[in-house]
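Inside the fold
The lines below spell out each chain.
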Amino acid sequence: MDLAKKSVDAIRIISAEAINRANSGHPGICMGAAPIGYELFADFLNFSYKNPKWDNRDRFVLSAGHGSMLLYSLLHLFGYGVTMDDIKGFRQLETKTPGHPEYGVTDGVEASTGPLGQGIGNAVGFAVAEAHLAAMFNRPDFPVVDHFTYVLCGDGCLEEGIGYEACSFAGTQKLGKLILLYDRNNITIEGNINTTFAEDPATRFAAQGWQVLRVSDANNLSLLKAALNRAKSDLTRPSVIICNSVIGYGSPVAGSAEAHGTPLGEANLAKAKETLGWTEEPFTIPEAVTQHCMKLAEGKLEKEKAWQELFSKYEEEYPDLAAKYKKFMSGSDPDFGDLNELFNFPKPEATRVSGGKVLNKIANNMTNLMSGSADLSPSTKTELRGKGYFSPDSREGCNIRFGIREHAMGAICNGIQLHGGLRVACSTFFTFSDYMRGAVRMSAIMNIPVVYVFTHDSIGVGEDGPTHQPIEQLVSLRATPNLNVFRPCDGKETAAAFISAFTNSNPTAIVLSRQDLPQYTSTGLTAMTGGYTVSDYDELPDVLLIASGAEVELCVGAQSILADEGIKARIVSMPCIEEFEKQTEEYREHVLPSEIKARVCIEAASPYSWYKYSGDCGEIIAMETFGKCGKAEELFKHFGFTKENIAEKARRSIEKANNR
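Residues numbered from 1 in each chain as written. Predicted model: local features only at pLDDT ≥ 70, side-chain atom pairs only at ≥ 80, totals over all residues. Heavy atoms only, no water.

Topic: the pattern of salt bridges
This model, assessed by the stated rule, comprises 24 salt bridges. Taking the shortest distance from any N to any O, the salt bridge between Asp 9 and Arg 12 comes out at 3.0 Å. Note that Asp 9 and Arg 12 are positioned in helix α1 (residues 3-22) at a spacing of 3 residues, about one turn of the helix. For the pair Asp 9 and Arg 12, a shared accessibility class is recorded, and that class is buried. Across the pair Arg 57 and Glu 110 runs a salt bridge whose closest N-O atoms are separated by 2.8 Å. In this pair, Arg 57 is assigned in the loop between α3 (34-43) and β1 (59-62) and Glu 110 in the loop between α5 (84-88) and α6 (118-137), connecting sequence segments 53 residues apart. Taking relative accessible area as the criterion, Arg 57 reaches 5% and is therefore assigned buried. Taking relative accessible area as the criterion, Glu 110 reaches 8% and is therefore assigned buried. (Salt bridge = Lys/Arg side-chain N within 4 Å of Asp/Glu carboxyl O. Helix = DSSP H or I, 4+ residues; strand = E, 2+ residues; numbered from the N terminus. Buried < 20%, exposed > 50% of the residue type's maximum accessible area, 1.4 Å probe, protein only.)

Digging into the packing of α1 against helix α12 (residues 287-317)
Two numbers describe how α1 lies on α12: the axes approach to 9 Å, and their chain directions differ by 100°. Here α1 lies roughly perpendicular to α12, going by the angle between them. Where α1 approaches α12, its residues Leu 3, Ala 4, Lys 6, Ser 7 and Ala 10 are matched on the opposing element by Ala 288, Val 289, His 292 and Cys 293. Here the residues of the contact of α1 with α12 sort into 6 nonpolar, 2 polar and 1 charged. (Axes fitted to C-alpha atoms, helices over the stretch in contact; angles between N-to-C directions. Parallel < 35°, antiparallel > 145°, perpendicular 65-115°, else oblique. Contact = heavy atoms within 4.5 Å. Nonpolar A, V, L, I, M, F, W, Y, C, P; charged D, E, K, R; others polar.)

Examining the side chain of Thr 97
Locating Thr 97 in the fold gives a position in the loop between α5 and α6. Classification of Thr 97 by relative accessible area gives buried; the value is 0%. A polar contact of 2.7 Å, which involves the side chain of Thr 97, links it to the backbone oxygen of Asp 86. Filtering out sequence-adjacent residues up to four positions away, Thr 97 remains in contact with Tyr 72, Val 82, Asp 86, Ile 87, Gly 89, Phe 90 and Arg 91. (Polar contact = N/O pair within 3.5 Å; in protein donor to acceptor, adjacent residues only side chain to side chain.)

What about the packing of aromatic side chains?
Scanning all chains against the criterion turns up 30 aromatic pairs. Considering the side-chain rings of Trp 54 and Trp 307, the 6.4 Å spacing of their centres and the 70° angle between planes classify their relative orientation as edge-to-face. A residue pair is termed long-range when its members are at least 10 positions apart, and Trp 54 in the loop between α3 and β1 and Trp 307 in helix α12 qualify at 253 residues. Taken individually, Trp 54 and Trp 307 each receive the classification buried, so the pair is uniform in this respect. Relative to Phe 90, the ring of Tyr 72 lies with its centre 6.2 Å away and its plane at 70°, an arrangement referred to as edge-to-face. Note that Tyr 72 is positioned in helix α4 (residues 68-77) and Phe 90 in the loop between α5 and α6, a separation of 18 residues in sequence. Like Tyr 72, the residue Phe 90 is buried in the burial classification. Here the aromatic cluster, defined as three or more aromatic residues joined through ring pairs, consists of Trp 54, Phe 137, Phe 142, Trp 307, Phe 311, Tyr 314, Tyr 318, Tyr 325 and Phe 328. Across from the ring centre of Phe 345, 6.0 Å away, lies the NZ or CZ of Lys 361, which sits over that ring. If you follow Arg 401 out to its NZ or CZ, it ends over the ring of Tyr 389, 3.7 Å from the centre. (Phe/Tyr/Trp six-rings, centres within 6.5 Å; stacked < 30°, edge-to-face > 60°. Lys NZ or Arg CZ within 6 Å of the ring centre and 35° of its normal.)

What follows is the structure, encoded as structure tokens:
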């Protein structure tokens, strides 16, 4: 028996059987790319099924996440905790085998994938992290960080713009330990790609600085092995292996779009088994195949053992470095140093400027922090000063120039964070967060603490006009589960936002102003509660003024106007609705007493975040349209963001509350 071929066929049949059982899934890539997956796991991927999170394992990302059963079959065969019962439960509620791979659900899944191209960006991030950590920790004869990142993609991943962005960045950075296996079957849902993707991908990759290798027949394991060896031998550039495959190989619908996203059905599955010479009972793998794959997996345990022995000697030779490495990889909370220094803001300034100061002070203690921007660090203020730029000649650099590639930037940062050992922040103008929403959403789905710094937060951008003035972005991000969104009103709230971001396990978006804002005596760490009283009276107020960011300053002016009229206004700063909602009911009631029906909510963005807090008698001052070109102060006045208008809305709300 040819055990390698039989193993490949086992992957094909078990995948097809699971998809049939679920009556849902994508058999085409599982059957066509099975030899690619097998060859990688059998002969190249270094992993420990007994310790799936082993630091120095090779990383494998299935960018074409719709082929999840391919990955689950491989994990089953090679000893991970995916049982045959799990496979029978494919795509069912609360199983280890969801429809697309999900990080944190299944051992061996390095990243949640499915939105095409995201996995390529993640893999680039893994490769960046490996290169950076290797530069920090490796010493002669002690390559404690030394592994490859492999990613499997299809035609669709390369049609998506994020795939192009990520590959261009990887080529520029010469990430030689990144290997992309391109399952080129020329089929997407609508049919042959000759009408949608007619370019020559080999020329494209070569132009981007990649080593380009070809495998004429993906079923030829010898050709795959030779190509992978060549890819590993060139560490001066990333490698792509273009593998010509047949979607749905072995089935009657092979080579057609019908094989892409539709279960084979019993008749076609039976014919596929006949074609492949498969005679086993459903969901049964020959014992010889199981033993063969497990023997290969057992052999890989020696790699981990050798690494552990190497690291023990490394600890003896370089105890301080080893201790630092362990701290990095443990993911422990950072040391922020002197908090008083973090909260020192003597004069008015834009919160983007405050954010840059805070980030740099944090970086002095958080030496595993990397920061980058989409060509905007002079404006977003996120450069880590004196810490160099990551490049082919300076892997130890902590700053990353992502170029004008917002979407890839987000996905790459997800990969850096997922790799382990590093923390990462990235930045762009807030309006351009739309370009990277897919990656931000994946951060939230995976619940990983990537820090997004979005500056130029409102119509306060001014003369650049409506194209650069974010309106709907705040409510859109706030609607994203697991994502904290901070919009601070001054430097101390900005510091609190960064502390929260670096101590939370979920991602955070910190939204900062272009224009100068005043500093307040009553702000500080309390901002981490998400909402709190900035200015108040000893007795119960007549009206609540609730705002975030720059608009808190307007509330201060309105409070003074109302005070002259004998109206007591409490100012509530709400920098992070998500954190406020996590507080106890008693705390929230203390800040926003339910008996106070008169309320005004103010934010220079979409009003949809505020209906919950305004209540039946409240008023909302917000943006119902896009902005305009003009000076910031003129725009705020034009759209009603003035202390006088807030005072007027407060009077109106009090009147409504009194007439209930």
